[in-house]
Amino acid sequence: MKQIPMLDLNAEYAHMKTDIDAALQRCLSHQKWILGPEVGELEQKIAAYLGSAHCIGCSSGTEALVLSLRALAIRRTGKEYFTRDDEILTTPFTFTATGDAILRAGATPVFVDIDPRTYNLDAAKVREYLRTGTKVVGIMPVHLYGQSCDMDAVLDLARERNLFVVEDVAQAFGGMWRGRKLGSLGTLGAFSFFPSKNLGCFGDGGMVSTGDPVLADLVRMLLKHGGKDKYNVDHIGYNARLDTLQAAVLLAKLKHIDDFNDRRRKIAAAYTAALKDLKGITVPAEPYAHAHHVYHQYTIAVENRDGLQARLGKEGVASMVYYPFPLHRMKVFGEGRSRNAGSLAVAEKAAGRVLSLPIEPLQAGEQTEFVIARVSDHIRKRDHS
Ligand SMILES: *Cc1c(COP(=O)(O)O)cnc(C)c1O
């Protein structure tokens with residue numbers, strides 16, 4: 001039986017083997033494992049790629065979010081952490097880490113419902129909450145599945161209210177809004193290089209981007225225990241550096257990111273062309289002409305999602321649910337730790353219906369065709385119920 005995985009890291013490694021092996025070999029020769037030359041080189045290359053003044057490598061996307069928020073707390077309040085009175089607006093339809101980072105920075109996440117077309121923060125509902133909410137200090141938009149939030153609206157609201165914006169770019173490396181790279185629009189951007197992300201390394205890794213030199217300095221201090229001098233420290237810090245080895249892998253893979261994102265877009269276009277007219281399925285929408293969607297995930301919505309997933313699985317077609325539980329339904333955000341900005345019905349509905357299909361940049365045309373055939377067959381027959 002054909003097996004079509006969500007992604008094929010072996011194939012990707014084979015595709016870039018010469019560069020990756022050479023990069024790793026260089027590390028074995030110099031033995032500079034902690035903040036070796038590859039880390040600085042990667043930071044400069046990604047800063048140039050994004051058009052951001054400063055990039056700071058760190059140990060994961062989660063830590064990138066926490067470091068960003070902690071730097072903002074110190075800069076804006078003069079204290080180490082936000083307080084529970086400080087509200088940060090974000091989406092409930094994201095990976096746990098987005099909301100968790102807000103808790104770890106001491107603030108209260110306020111979940112705002114999503115736009116049903118993009119599954120991203122609904123800017124109109126953010127505006128609505130801001131009319132009454134006076135404790136909001138910032139907004140954390142997530143560019144889910146590789147597609148930009150409505151950044152015009154988010155940035156306008158932030159300017160009006162003097163709010164910070166931390167972009168969660170974990171799923172959207174190379175994505176754009178009006179020709180500008182995601183992660184370069186907000187106050188800070190937080191990237192993840194978890195192996196399954198569209199730019200992934202061989203373990204955990206992350207990056208913070210910012211145009212603000214003071215925040216950049218603070219992030220650098222915080223990820224190295226909280227001080228410029230490791231033996232005489234100013235802030236409550238972390239050990240959250242990016243490994244030299246991971247930076248070396250990323251330098252090799254960065255050369256391919258635009259090609260890989262293009263390949264993702266081509267597979268997505270094939271899926272959409274074949275599936276869009278079927279009744280009972282919602283294909284991803286690209287409502288903004290000026291957003292460049294990089295399809296970290298290709299995510300459909302169907303009524304009996306679990307049935308479809310089970311049938312596809314039996315036929316060798318992998319699929320994943322991102323995400324089955326919205327954050328406000330999780331225990332960790334209970335006990336008064338978070339608030340809901342009104343109804344979160346759109347997010348709840350999405351959590352019960354979304355299904356992400358295989359979108360490995362190197363998957364063959366016939367694999368894409370096979371996924372299309374199996375999905376359309378089930379949808380046409382409605383036999384996934
Ligand atoms: C993966 C992910 C993160 C966390 O990144 P890690 O590198 O796994 O810590 C945060 N936010 C979103 C939206 C993600 O997809």
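Please read these numbers as outputs of a predicted model, since none were measured by experiment.

Draft legend 1. Molecular detail of the packing of aromatic side chains. Taken as a whole and assessed by the stated rule, the structure comprises 13 aromatic pairs. Seen from their ring centres, Tyr 13 and Phe 202 are 6.3 Å apart, and the 80° between their planes marks the pair as edge-to-face. Placement of the pair is Tyr 13 in helix α1 (residues 9–30) and Phe 202 in the loop between β8 (188–192) and β9 (206–210), with a sequence separation of 189 residues. Look at Tyr 13 and you get partly exposed, because its relative accessible area is 29%. A relative accessible area of 45% places Phe 202 in the partly exposed class. Put simply, the rings of Tyr 49, Phe 173, Phe 191 and Phe 193 touch in pairs and so form one group of aromatic residues. We note Arg 70 situated over the ring of Tyr 81; from NZ or CZ to the ring centre the distance is 4.2 Å.

Draft legend 2. Spatial organisation of the site of the ligand. The environment of the ligand is formed by 15 residues, the closest being Gly 61, Thr 62, Asp 168, Ser 192 and Lys 197. In this structure, Gly 61 approaches the ligand through a main-chain N or O atom, which is 2.8 Å from an oxygen atom. A distance of 2.9 Å is found between an oxygen atom of the ligand and a side-chain nitrogen or oxygen belonging to Gln 171. Contact with the protein chains covers 94% of the free accessible surface of the ligand, which is 380 Å². In this structure, the ligand is accommodated by the largest pocket. For the shell around the ligand, the elements supplying multiple residues, two or more each, are α3 (61–77) and α4 (96–104). Classifying every residue of the shell around the ligand by side-chain character gives 6 nonpolar, 7 polar and 2 charged.

Draft legend 3. Here's a closer look at the nonpolar core. If you look at the biggest cluster of nonpolar residues, it comprises 45 residues, and the most contacted ones within it are Leu 42, Ile 46, Leu 89, Phe 173 and Phe 193. Of all the secondary structure elements, the ones that give two or more residues to this core are α2 (37–50), α5 (123–132), β4 (136–140), α6 (151–161) and α8 (244–254). The element best represented in this core is α2, accounting for 6 residues. Setting aside chain neighbours within four positions, we find Leu 89 in contact with Val 110, Val 112, Val 126, Tyr 129, Leu 130, Val 136, Gly 138, Ile 139 and Met 140.

Draft legend 4. Structural detail: the sheet that holds strand β1 (residues 54–58). Spatial ordering of the open sheet is given by β1-β9-β8-β5-β4-β2-β3-β13, a layout of 8 strands whose pairing is mixed. The open sheet is flanked by β1 and β13 (339–340), the only strands paired with a single partner. Relative to β9, β8 runs antiparallel, the two sharing 5 bridges. Of the residues in β9, the one forming a bridge with Ala 190 is Val 208. Across the sheet, α4 is in contact with β2 (87–90), β3 (108–111), β4 and β5 (164–168); its angle to β3 comes to roughly 145°. The strands touched by α6 are β4 and β5; relative to β5, the strand with the most contacts, the crossing angle is about 150°.

Draft legend 5. Quick peek at the packing of α1 against helix α9 (residues 257–275). Contact geometry of α1 with α9 gives a least axis separation of 13 Å together with a crossing angle of 145°. Of the two elements, α1 crosses α9, and the hand of that crossing is right-handed. Taking contact as the criterion, the partners of Glu 12, His 15 and Met 16 in α1 are, on α9, Asp 259, Phe 260 and Arg 263. For the contact of α1 with α9, the class distribution of residues is 2 nonpolar, 1 polar and 3 charged.

Draft legend 6. Broad picture of the pattern of salt bridges. Enumeration over the complete set of coordinates arrives at 25 salt bridges. Lys 45 is paired through a salt bridge with Glu 41; the nearest N and O atoms lie 3.0 Å apart. Note that Lys 45 and Glu 41 are positioned in helix α2 at a spacing of 4 residues, about one turn of the helix. You can call Lys 45 partly exposed: its relative accessible area is 43%. Given the relative accessible area of 36%, Glu 41 is considered partly exposed. In this structure, the salt-bridge partner of Glu 348 is Arg 329, at a minimum N-O distance of 2.6 Å. Pair noted here: Glu 348 is in helix α11 (residues 345–353) and Arg 329 is in the loop between α10 (305–314) and β13, with a separation of 19 residues, a long-range link. Look at Arg 329 and you get exposed, because its relative accessible area is 55%. Salt bridges sharing common partners tie together Glu 315, Arg 374, Asp 377 and Lys 381.

Draft legend 7. Representation of α5. All of the buried residues in α5 are Ala 123, Val 126, Tyr 129 and Leu 130. Take α5 and look down its axis: the buried residues cluster within an arc of 115°, on one side only. Exposed and oriented more than 90 degrees from the buried face of α5 are Ala 124, Glu 128, Arg 131 and Thr 132. On its buried face, α5 is in contact with β2, β3, β4 and α6. Backbone nitrogen of Ala 124 and a side-chain oxygen of the N-cap are separated by 3.0 Å at the start of α5; the cap is Asp 122.

Thresholds, definitions, all that
- Residues numbered from 1 in each chain as written.
- Predicted model: local features only at pLDDT ≥ 70, side-chain atom pairs only at ≥ 80, totals over all residues.
- Heavy atoms only, no water.
- Phe/Tyr/Trp six-rings, centres within 6.5 Å; stacked < 30°, edge-to-face > 60°.
- Helix = DSSP H or I, 4+ residues; strand = E, 2+ residues; numbered from the N terminus.
- Buried < 20%, exposed > 50% of the residue type's maximum accessible area, 1.4 Å probe, protein only.
- Lys NZ or Arg CZ within 6 Å of the ring centre and 35° of its normal.
- Near = heavy atom within 4 Å.
- Polar contact = N/O pair within 3.5 Å; in protein donor to acceptor, adjacent residues only side chain to side chain.
- Areas by Shrake-Rupley, 256 points an atom, 1.4 Å probe, with all protein chains shown as cover.
- 1 Å grid on protein atoms, 1.4 Å probe; cavity = no way out; pocket = protein on both sides within 12 Å on 5 of 7 lines; lining within 4 Å.
- Sits in = over half its atoms within 2 Å of the grid points.
- Nonpolar A, V, L, I, M, F, W, Y, C, P; charged D, E, K, R; others polar.
- Core = buried A, V, L, I, M, F, W, Y, C linked by side-chain atoms within 4.5 Å.
- Contact = heavy atoms within 4.5 Å.
- Pairing = 2+ DSSP bridges.
- Axes fitted to C-alpha atoms, helices over the stretch in contact; angles between N-to-C directions.
- Left-handed = near helix turned anticlockwise from the far one by under 90°.
- Salt bridge = Lys/Arg side-chain N within 4 Å of Asp/Glu carboxyl O.
- Arc of directions from axis to C-beta.

Everything listed here is a matter of geometry and, on its own, says nothing about what the molecule does.
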